[in-house]
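Residue-level structure breakdown
For reference, the chains in residue letters:
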Amino acid sequence: MELGPTELSHDYLDLDDLFTPDELAVRDRVRTFVDERIRPNIAGWYATATFPRELVKEMADLGLLGMHLSGYGGGGRSAVEYGLAMMELEAGDSGIRTFVSVQGSLAMSAIAKFGSEEQKQQWLPRMATGDLIGCFGLTEPSAGSDPASMATRAVRDGDGWVLTGTKRWIGLASIADVAIIWAGTDEGIRGFVVPTDTDGFTATPIEPKLSMRASIQCDITLDAVRLPTDAVLPGVRGLKGPFACLNEARYGIIWGAMGAARDSYETALRYALERRQFGTPIASFQLTQQKLVDMVLEIQKGVLVALQTGRLKDAGKLRPEQISFGKLNNVREAIAICRSARTILGGNGITLEHSPLRHADNLESVRTYEGTDEVHTLIMGRAITGIAAFGGA
Ligand code: TGC
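Analysis parameters
- Residues numbered from 1 in each chain as written.
- Predicted model: local features only at pLDDT ≥ 70, side-chain atom pairs only at ≥ 80, totals over all residues.
- Heavy atoms only, no water.
- UniProt positions renumbered as here; feature names shortened; annotations may be inferred.
- Helix = DSSP H or I, 4+ residues; strand = E, 2+ residues; numbered from the N terminus.
- Contact = heavy atoms within 4.5 Å.
- Areas by Shrake-Rupley, 256 points an atom, 1.4 Å probe, with all protein chains shown as cover.
- Lys, Arg positive; Asp, Glu negative; His and termini not counted.
- Charge placed at Lys NZ, Arg CZ, Asp CG, Glu CD.
- Near = heavy atom within 4 Å.
- Polar contact = N/O pair within 3.5 Å; in protein donor to acceptor, adjacent residues only side chain to side chain.
- Domains from an automatic or database assignment.
- Salt bridge = Lys/Arg side-chain N within 4 Å of Asp/Glu carboxyl O.
- Buried < 20%, exposed > 50% of the residue type's maximum accessible area, 1.4 Å probe, protein only.

As recorded by an unreviewed UniProt entry, the chain carries the name glutaryl-CoA dehydrogenase (ETF) and is attributed to Pseudonocardia charpentierae. The Cofactor (unreviewed entry) comment attached to the chain in UniProt states, word for word, "FAD". Taken directly from UniProt, the Catalytic activity (unreviewed entry) text for the chain runs: "glutaryl-CoA + oxidized [electron-transfer flavoprotein] + 2 H(+) = (2E)-butenoyl-CoA + reduced [electron-transfer flavoprotein] + CO2".

**A look at the overall build of the chain**
What the chain contains, in helices and strands, is 11 helices and nine strands. The dimensions of the chain, computed from C-alpha atoms along their principal axes, are 80 × 45 × 40 Å. For the chain, the proportion of contacts with a sequence separation of at least 24, taken over those separated by at least 6, is 75%. Approximately 17000 Å² of the chain is accessible, and the part contributed by carbon and sulfur atoms is 53%. Taking the average place of the 40 positive charges on the side chains of the chain and the average place of its 49 negative ones, the gap between the two points comes to 3 Å.

**Let's talk about the site of the ligand**
Around the ligand sit 24 residues, and of these Thr139, Ser145, Gly171, Asn247 and Arg250 come closest. Between the ligand and the protein, one listed contact pairs a nitrogen atom with a side-chain N or O atom of Asn247 at 2.8 Å. Here Arg382 contributes a side-chain N or O atom positioned 3.2 Å from an oxygen atom of the ligand. When the free accessible area of the ligand is taken as 1100 Å², the share hidden by the protein chains comes to 73%. Listed by contribution, the elements that provide at least two residues to the shell around the ligand are helix 5 (94–114), strand 3 (160–171), helix 7 (240–274) and helix 11 (373–385). Two domains each donate at least three residues to the shell around the ligand, and these are domain 2 (134–231) and domain 3 (240–385).

**As for the pattern of salt bridges**
Under the counting rule described, the total for this entry stands at 25 salt bridges. A salt bridge links Arg37 to Glu58, with the shortest nitrogen-to-oxygen separation between them at 2.7 Å. A residue pair is termed long-range when its members are at least 10 positions apart, and Arg37 in helix 1 (residues 21–38) and Glu58 in helix 3 (residues 55–61) qualify at 21 residues. For Arg37, a relative accessible area of 25% translates into the label partly exposed.

This is the structure:
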(Lines give C-alpha, C1' and ligand atoms only; values in the text may rest on other atoms or scores of the structure.)
Protein backbone atom coordinates (compact mmCIF):
# COMPACT_ATOMS: atom_id res chain seq x y z
CA MET A 1 0.00 0.00 0.00
CA GLU A 2 1.33 3.41 -0.88
CA LEU A 3 1.32 5.70 2.12
CA GLY A 4 0.35 9.31 1.73
CA PRO A 5 2.41 11.95 3.47
CA THR A 6 0.09 12.09 6.47
CA GLU A 7 -1.10 8.52 7.01
CA LEU A 8 1.48 7.71 9.67
CA SER A 9 2.07 11.28 10.69
CA HIS A 10 -0.20 11.40 13.73
CA ASP A 11 0.25 8.01 15.39
CA TYR A 12 3.26 6.37 13.80
CA LEU A 13 3.44 3.34 16.08
CA ASP A 14 -0.33 2.89 16.50
CA LEU A 15 -0.05 3.92 20.13
CA ASP A 16 -3.82 4.46 20.22
CA ASP A 17 -4.04 0.66 20.42
CA LEU A 18 -2.52 0.87 23.90
CA PHE A 19 -5.44 2.87 25.30
CA THR A 20 -8.93 1.71 26.27
CA PRO A 21 -12.02 3.13 24.55
CA ASP A 22 -12.85 5.04 27.76
CA GLU A 23 -9.39 6.59 27.83
CA LEU A 24 -9.62 7.61 24.18
CA ALA A 25 -13.09 9.06 24.78
CA VAL A 26 -11.72 11.31 27.54
CA ARG A 27 -8.89 12.39 25.27
CA ASP A 28 -11.21 13.15 22.39
CA ARG A 29 -13.59 15.21 24.54
CA VAL A 30 -10.72 17.39 25.74
CA ARG A 31 -9.27 17.58 22.23
CA THR A 32 -12.59 18.92 20.93
CA PHE A 33 -12.70 21.48 23.74
CA VAL A 34 -9.18 22.63 22.88
CA ASP A 35 -10.03 22.87 19.18
CA GLU A 36 -13.18 24.88 19.83
CA ARG A 37 -12.30 27.05 22.81
CA ILE A 38 -8.53 27.41 23.04
CA ARG A 39 -7.03 27.28 19.54
CA PRO A 40 -9.12 30.11 18.08
CA ASN A 41 -8.31 32.44 20.99
CA ILE A 42 -4.94 31.56 22.44
CA ALA A 43 -2.85 33.94 20.34
CA GLY A 44 -4.93 36.88 21.58
CA TRP A 45 -4.78 35.78 25.21
CA TYR A 46 -1.05 35.28 24.92
CA ALA A 47 -0.51 38.67 23.28
CA THR A 48 -2.48 40.49 25.95
CA ALA A 49 -1.27 38.32 28.85
CA THR A 50 -4.82 37.30 29.69
CA PHE A 51 -5.85 34.24 31.67
CA PRO A 52 -9.23 33.24 30.19
CA ARG A 53 -11.15 32.97 33.41
CA GLU A 54 -14.34 32.22 31.51
CA LEU A 55 -12.90 28.78 30.70
CA VAL A 56 -12.80 27.75 34.37
CA LYS A 57 -16.47 26.72 34.55
CA GLU A 58 -16.27 25.07 31.14
CA MET A 59 -13.29 23.00 32.24
CA ALA A 60 -15.10 22.12 35.46
CA ASP A 61 -18.11 20.98 33.43
CA LEU A 62 -15.74 18.77 31.41
CA GLY A 63 -14.71 17.17 34.71
CA LEU A 64 -11.14 18.46 34.53
CA LEU A 65 -10.85 19.97 38.03
CA GLY A 66 -9.87 17.34 40.55
CA MET A 67 -10.33 14.86 37.73
CA HIS A 68 -8.31 12.04 39.30
CA LEU A 69 -9.44 12.62 42.89
CA SER A 70 -12.17 10.45 44.37
CA GLY A 71 -15.09 11.79 46.38
CA TYR A 72 -15.95 15.38 47.31
CA GLY A 73 -16.80 16.20 43.71
CA GLY A 74 -13.61 14.70 42.28
CA GLY A 75 -13.92 12.95 38.93
CA GLY A 76 -12.57 9.54 40.00
CA ARG A 77 -10.72 9.21 36.71
CA SER A 78 -7.57 7.13 36.29
CA ALA A 79 -4.08 8.56 36.12
CA VAL A 80 -3.88 7.67 32.43
CA GLU A 81 -7.15 9.44 31.68
CA TYR A 82 -5.92 12.48 33.60
CA GLY A 83 -2.65 12.35 31.69
CA LEU A 84 -4.35 12.19 28.32
CA ALA A 85 -6.45 15.21 29.28
CA MET A 86 -3.31 17.14 30.26
CA MET A 87 -1.68 16.24 26.95
CA GLU A 88 -4.63 17.66 25.02
CA LEU A 89 -4.84 20.81 27.15
CA GLU A 90 -1.16 21.56 26.71
CA ALA A 91 -1.49 21.04 22.96
CA GLY A 92 -3.60 24.17 23.39
CA ASP A 93 -1.33 26.02 25.80
CA SER A 94 0.83 25.24 28.85
CA GLY A 95 -0.78 28.08 30.77
CA ILE A 96 -4.23 26.51 30.52
CA ARG A 97 -2.89 23.10 31.54
CA THR A 98 -1.10 24.80 34.43
CA PHE A 99 -4.37 26.18 35.77
CA VAL A 100 -5.90 22.70 35.86
CA SER A 101 -2.74 21.35 37.46
CA VAL A 102 -2.55 24.02 40.17
CA GLN A 103 -6.24 23.63 40.95
CA GLY A 104 -6.47 19.83 40.90
CA SER A 105 -3.01 18.36 41.39
CA LEU A 106 -1.72 20.90 43.90
CA ALA A 107 -4.42 22.80 45.81
CA MET A 108 -7.21 20.20 45.78
CA SER A 109 -4.75 17.36 46.11
CA ALA A 110 -3.22 18.90 49.26
CA ILE A 111 -6.65 19.08 50.90
CA ALA A 112 -7.69 15.64 49.64
CA LYS A 113 -4.50 13.99 50.87
CA PHE A 114 -3.95 15.80 54.16
CA GLY A 115 -7.09 17.77 55.02
CA SER A 116 -9.61 17.12 57.79
CA GLU A 117 -13.09 15.90 56.92
CA GLU A 118 -14.37 19.44 57.49
CA GLN A 119 -11.74 20.97 55.23
CA LYS A 120 -12.54 18.48 52.48
CA GLN A 121 -16.25 19.20 52.68
CA GLN A 122 -15.75 22.95 52.90
CA TRP A 123 -13.44 23.36 49.92
CA LEU A 124 -13.24 20.42 47.53
CA PRO A 125 -16.75 20.23 46.01
CA ARG A 126 -16.78 23.92 45.08
CA MET A 127 -13.23 23.71 43.74
CA ALA A 128 -14.31 20.80 41.53
CA THR A 129 -17.16 22.89 40.11
CA GLY A 130 -14.84 25.84 39.50
CA ASP A 131 -16.78 28.06 41.91
CA LEU A 132 -13.63 28.41 43.98
CA ILE A 133 -10.09 28.72 42.69
CA GLY A 134 -7.11 27.44 44.66
CA CYS A 135 -3.39 28.08 44.65
CA PHE A 136 -0.36 26.40 46.25
CA GLY A 137 2.32 28.40 48.01
CA LEU A 138 5.61 26.61 48.45
CA THR A 139 8.31 28.51 46.54
CA GLU A 140 9.79 31.69 48.02
CA PRO A 141 12.04 34.43 46.65
CA SER A 142 15.03 32.74 48.31
CA ALA A 143 13.77 29.14 48.38
CA GLY A 144 13.15 27.62 44.96
CA SER A 145 14.88 24.29 44.38
CA ASP A 146 15.54 24.09 48.13
CA PRO A 147 12.14 24.49 49.81
CA ALA A 148 13.64 23.23 53.08
CA SER A 149 15.19 26.69 53.41
CA MET A 150 11.82 28.46 53.38
CA ALA A 151 11.56 31.51 55.62
CA THR A 152 7.77 31.70 55.97
CA ARG A 153 6.83 30.97 59.57
CA ALA A 154 3.61 30.05 61.34
CA VAL A 155 3.52 30.56 65.10
CA ARG A 156 0.83 29.55 67.52
CA ASP A 157 -0.87 32.55 69.03
CA GLY A 158 -3.68 32.04 71.53
CA ASP A 159 -6.23 29.80 69.87
CA GLY A 160 -4.85 30.18 66.37
CA TRP A 161 -1.85 30.68 64.11
CA VAL A 162 -0.09 33.73 62.69
CA LEU A 163 1.64 33.37 59.30
CA THR A 164 4.39 35.71 58.16
CA GLY A 165 6.50 35.51 55.02
CA THR A 166 6.58 35.74 51.25
CA LYS A 167 5.94 33.29 48.41
CA ARG A 168 6.89 33.67 44.75
CA TRP A 169 5.81 32.20 41.41
CA ILE A 170 2.48 31.10 42.80
CA GLY A 171 0.10 30.26 39.98
CA LEU A 172 -3.34 31.89 39.98
CA ALA A 173 -2.86 33.43 43.43
CA SER A 174 -4.31 36.82 42.51
CA ILE A 175 -7.63 35.26 41.46
CA ALA A 176 -7.62 32.43 44.00
CA ASP A 177 -10.20 32.11 46.75
CA VAL A 178 -8.04 29.82 48.84
CA ALA A 179 -4.29 29.30 49.18
CA ILE A 180 -2.47 26.27 50.52
CA ILE A 181 0.51 27.85 52.26
CA TRP A 182 3.46 25.79 53.48
CA ALA A 183 5.27 27.30 56.45
CA GLY A 184 7.86 26.38 59.06
CA THR A 185 6.54 25.79 62.58
CA ASP A 186 7.99 24.47 65.84
CA GLU A 187 6.63 21.10 64.66
CA GLY A 188 8.32 21.22 61.25
CA ILE A 189 6.85 22.37 57.93
CA ARG A 190 3.07 22.36 57.88
CA GLY A 191 0.37 23.26 55.38
CA PHE A 192 -2.33 25.87 56.03
CA VAL A 193 -5.62 26.48 54.28
CA VAL A 194 -5.77 30.25 53.89
CA PRO A 195 -8.84 32.05 52.52
CA THR A 196 -7.32 34.76 50.36
CA ASP A 197 -9.59 37.44 51.78
CA THR A 198 -7.92 37.05 55.18
CA ASP A 199 -6.35 40.28 56.44
CA GLY A 200 -2.63 40.42 55.65
CA PHE A 201 -2.81 38.19 52.53
CA THR A 202 -1.75 39.97 49.32
CA ALA A 203 -1.11 38.46 45.89
CA THR A 204 0.51 40.50 43.12
CA PRO A 205 0.91 39.21 39.55
CA ILE A 206 4.51 39.06 38.30
CA GLU A 207 4.69 41.02 35.06
CA PRO A 208 5.80 41.27 32.34
CA LYS A 209 6.60 37.64 31.52
CA LEU A 210 8.07 36.13 28.35
CA SER A 211 6.51 32.73 29.07
CA MET A 212 3.13 31.41 30.28
CA ARG A 213 1.51 34.66 29.24
CA ALA A 214 -2.00 33.15 29.22
CA SER A 215 -1.55 32.24 32.86
CA ILE A 216 -0.95 34.16 36.10
CA GLN A 217 1.98 33.78 38.48
CA CYS A 218 2.20 35.88 41.61
CA ASP A 219 4.17 37.09 44.57
CA ILE A 220 2.33 36.51 47.83
CA THR A 221 2.90 38.54 50.98
CA LEU A 222 1.75 37.11 54.30
CA ASP A 223 1.75 39.97 56.76
CA ALA A 224 0.80 38.50 60.13
CA VAL A 225 -2.06 36.52 58.62
CA ARG A 226 -4.16 35.28 61.55
CA LEU A 227 -5.80 31.89 61.14
CA PRO A 228 -7.91 29.64 63.37
CA THR A 229 -6.39 26.46 64.83
CA ASP A 230 -8.24 24.30 62.35
CA ALA A 231 -6.64 26.04 59.36
CA VAL A 232 -3.71 23.64 59.53
CA LEU A 233 -3.77 20.50 57.36
CA PRO A 234 -3.77 17.82 60.06
CA GLY A 235 -2.61 14.92 57.90
CA VAL A 236 1.06 15.70 57.34
CA ARG A 237 4.18 17.27 58.82
CA GLY A 238 7.39 17.90 56.94
CA LEU A 239 8.32 18.46 53.33
CA LYS A 240 6.93 15.14 52.25
CA GLY A 241 3.54 16.89 52.30
CA PRO A 242 4.19 19.43 49.54
CA PHE A 243 6.41 16.94 47.70
CA ALA A 244 3.52 14.45 47.56
CA CYS A 245 1.46 17.15 45.83
CA LEU A 246 4.35 18.08 43.52
CA ASN A 247 4.48 14.42 42.47
CA GLU A 248 0.94 14.81 41.12
CA ALA A 249 1.74 18.00 39.22
CA ARG A 250 5.03 16.66 37.88
CA TYR A 251 3.20 13.57 36.65
CA GLY A 252 0.76 15.71 34.65
CA ILE A 253 3.66 17.59 33.07
CA ILE A 254 5.06 14.34 31.65
CA TRP A 255 1.95 14.11 29.47
CA GLY A 256 1.40 17.81 28.94
CA ALA A 257 4.82 18.44 27.45
CA MET A 258 4.10 15.88 24.75
CA GLY A 259 0.93 17.79 23.86
CA ALA A 260 2.91 20.97 23.23
CA ALA A 261 5.45 18.95 21.23
CA ARG A 262 2.79 17.25 19.14
CA ASP A 263 1.04 20.50 18.34
CA SER A 264 4.34 22.04 17.24
CA TYR A 265 5.23 19.05 15.10
CA GLU A 266 1.81 18.96 13.43
CA THR A 267 2.02 22.70 12.76
CA ALA A 268 5.46 22.28 11.19
CA LEU A 269 4.36 19.28 9.13
CA ARG A 270 1.35 21.11 7.71
CA TYR A 271 3.48 24.12 6.91
CA ALA A 272 6.23 22.04 5.32
CA LEU A 273 3.73 20.36 3.00
CA GLU A 274 2.25 23.69 1.88
CA ARG A 275 5.23 26.01 1.86
CA ARG A 276 7.11 25.98 -1.44
CA GLN A 277 10.68 27.16 -1.93
CA PHE A 278 12.95 26.47 -4.88
CA GLY A 279 9.85 25.24 -6.73
CA THR A 280 8.96 22.43 -4.33
CA PRO A 281 7.29 21.93 -0.92
CA ILE A 282 9.93 22.28 1.78
CA ALA A 283 8.74 18.88 3.10
CA SER A 284 10.59 17.41 0.12
CA PHE A 285 13.93 18.67 1.45
CA GLN A 286 15.98 16.04 3.21
CA LEU A 287 16.91 18.42 6.01
CA THR A 288 13.23 19.15 6.69
CA GLN A 289 12.35 15.47 6.68
CA GLN A 290 15.19 14.82 9.12
CA LYS A 291 13.70 17.37 11.51
CA LEU A 292 10.18 15.97 11.19
CA VAL A 293 11.36 12.40 11.68
CA ASP A 294 13.35 13.35 14.78
CA MET A 295 10.18 14.94 16.17
CA VAL A 296 8.11 11.83 15.49
CA LEU A 297 10.73 9.63 17.17
CA GLU A 298 10.80 11.70 20.36
CA ILE A 299 7.04 12.29 20.56
CA GLN A 300 6.28 8.60 20.20
CA LYS A 301 8.92 7.70 22.80
CA GLY A 302 7.70 10.45 25.11
CA VAL A 303 4.10 9.23 24.96
CA LEU A 304 5.32 5.71 25.79
CA VAL A 305 7.18 7.12 28.81
CA ALA A 306 4.03 8.97 29.86
CA LEU A 307 1.88 5.90 29.43
CA GLN A 308 4.22 3.66 31.43
CA THR A 309 4.35 6.16 34.29
CA GLY A 310 0.56 6.40 34.12
CA ARG A 311 0.08 2.64 34.25
CA LEU A 312 2.50 2.47 37.20
CA LYS A 313 0.56 5.27 38.93
CA ASP A 314 -2.76 3.52 38.40
CA ALA A 315 -1.20 0.37 39.87
CA GLY A 316 -0.04 2.36 42.91
CA LYS A 317 3.59 1.63 42.08
CA LEU A 318 4.92 4.91 40.65
CA ARG A 319 7.99 6.18 42.50
CA PRO A 320 9.06 9.85 42.65
CA GLU A 321 12.34 9.13 40.87
CA GLN A 322 10.37 7.58 38.00
CA ILE A 323 8.33 10.77 37.76
CA SER A 324 11.65 12.64 37.50
CA PHE A 325 12.58 10.44 34.51
CA GLY A 326 9.41 11.44 32.71
CA LYS A 327 9.45 15.13 33.57
CA LEU A 328 13.12 15.58 32.71
CA ASN A 329 12.97 13.65 29.45
CA ASN A 330 9.65 14.79 28.10
CA VAL A 331 10.03 18.51 28.79
CA ARG A 332 13.59 18.52 27.47
CA GLU A 333 12.57 16.75 24.27
CA ALA A 334 9.44 18.88 23.92
CA ILE A 335 11.45 22.10 23.98
CA ALA A 336 13.82 20.75 21.34
CA ILE A 337 10.87 19.71 19.17
CA CYS A 338 9.12 23.09 19.48
CA ARG A 339 12.30 24.95 18.59
CA SER A 340 13.00 22.67 15.65
CA ALA A 341 9.40 23.12 14.47
CA ARG A 342 9.95 26.88 14.58
CA THR A 343 12.91 26.57 12.23
CA ILE A 344 10.70 24.84 9.65
CA LEU A 345 8.32 27.79 9.86
CA GLY A 346 11.16 30.18 9.08
CA GLY A 347 10.48 33.83 9.81
CA ASN A 348 6.74 33.16 10.04
CA GLY A 349 7.51 31.03 13.08
CA ILE A 350 8.29 34.04 15.23
CA THR A 351 4.74 35.37 15.00
CA LEU A 352 1.84 34.38 17.23
CA GLU A 353 0.08 33.07 14.13
CA HIS A 354 1.93 29.80 14.72
CA SER A 355 2.21 27.86 17.96
CA PRO A 356 5.75 26.37 18.20
CA LEU A 357 7.64 29.37 19.59
CA ARG A 358 4.79 30.10 22.03
CA HIS A 359 4.98 26.48 23.20
CA ALA A 360 8.79 26.65 23.46
CA ASP A 361 8.59 29.84 25.51
CA ASN A 362 5.98 28.28 27.80
CA LEU A 363 8.11 25.19 28.24
CA GLU A 364 10.92 27.34 29.66
CA SER A 365 8.62 27.74 32.67
CA VAL A 366 7.59 24.11 32.62
CA ARG A 367 11.23 22.95 32.65
CA THR A 368 11.80 25.21 35.66
CA TYR A 369 8.77 24.77 37.88
CA GLU A 370 7.93 21.59 39.78
CA GLY A 371 11.64 20.80 39.85
CA THR A 372 14.20 22.10 37.37
CA ASP A 373 16.01 19.89 34.87
CA GLU A 374 18.95 19.98 37.27
CA VAL A 375 16.89 18.86 40.29
CA HIS A 376 15.36 15.96 38.36
CA THR A 377 18.77 14.97 37.00
CA LEU A 378 20.09 14.79 40.55
CA ILE A 379 17.04 12.91 41.83
CA MET A 380 17.76 10.34 39.12
CA GLY A 381 21.47 10.45 39.92
CA ARG A 382 20.72 9.67 43.55
CA ALA A 383 18.38 6.86 42.52
CA ILE A 384 21.07 5.30 40.34
CA THR A 385 24.10 5.77 42.59
CA GLY A 386 22.65 6.03 46.06
CA ILE A 387 24.57 9.28 46.51
CA ALA A 388 22.76 12.59 46.96
CA ALA A 389 24.52 15.36 45.03
CA PHE A 390 22.22 18.28 45.76
CA GLY A 391 25.18 20.34 46.95
CA GLY A 392 25.58 22.70 49.85
CA ALA A 393 26.59 21.97 53.37
P1 TGC B 1 14.60 15.98 51.94
O2 TGC B 1 14.64 17.33 52.54
O3 TGC B 1 15.62 15.04 52.37
O4 TGC B 1 13.19 15.22 52.13
C5 TGC B 1 12.21 15.78 52.83
C6 TGC B 1 11.14 14.72 52.99
O7 TGC B 1 10.38 14.69 51.78
C8 TGC B 1 10.40 13.36 51.26
N9 TGC B 1 10.41 13.49 49.81
C10 TGC B 1 9.35 13.15 49.07
N11 TGC B 1 8.17 12.61 49.39
C12 TGC B 1 7.31 12.39 48.40
N13 TGC B 1 7.59 12.65 47.11
C14 TGC B 1 8.77 13.19 46.75
N15 TGC B 1 9.01 13.47 45.48
C16 TGC B 1 9.71 13.45 47.75
N17 TGC B 1 10.95 14.00 47.76
C18 TGC B 1 11.36 14.00 49.02
C19 TGC B 1 11.65 12.75 51.81
O20 TGC B 1 11.55 11.35 51.82
C21 TGC B 1 11.66 13.31 53.22
O22 TGC B 1 10.68 12.61 53.96
P23 TGC B 1 10.89 12.40 55.55
O24 TGC B 1 9.75 11.55 55.98
O25 TGC B 1 12.22 11.71 55.70
O26 TGC B 1 10.87 13.76 56.17
O27 TGC B 1 14.53 16.26 50.47
P28 TGC B 1 15.29 15.48 49.37
O29 TGC B 1 16.76 15.47 49.67
O30 TGC B 1 14.63 14.17 49.12
O31 TGC B 1 14.98 16.44 48.17
C32 TGC B 1 15.92 17.33 47.68
C33 TGC B 1 15.32 17.87 46.38
C34 TGC B 1 16.27 18.90 45.79
C35 TGC B 1 15.12 16.72 45.41
C36 TGC B 1 13.96 18.51 46.74
O37 TGC B 1 14.14 19.56 47.62
C38 TGC B 1 13.21 18.99 45.52
O39 TGC B 1 12.48 18.26 44.87
N40 TGC B 1 13.37 20.30 45.18
C41 TGC B 1 12.62 20.91 44.11
C42 TGC B 1 11.46 21.64 44.69
C43 TGC B 1 10.51 22.06 43.61
O44 TGC B 1 10.10 21.27 42.77
N45 TGC B 1 10.08 23.30 43.68
C46 TGC B 1 9.19 23.88 42.71
C47 TGC B 1 7.81 24.03 43.29
S48 TGC B 1 6.74 24.71 42.13
C49 TGC B 1 5.98 25.95 43.01
O50 TGC B 1 6.17 26.18 44.14
C51 TGC B 1 4.98 26.71 42.33
S52 TGC B 1 3.53 25.81 42.49
C53 TGC B 1 3.04 25.73 40.88
C54 TGC B 1 2.33 26.95 40.47
O55 TGC B 1 1.78 27.64 41.34
O56 TGC B 1 2.34 27.27 39.26
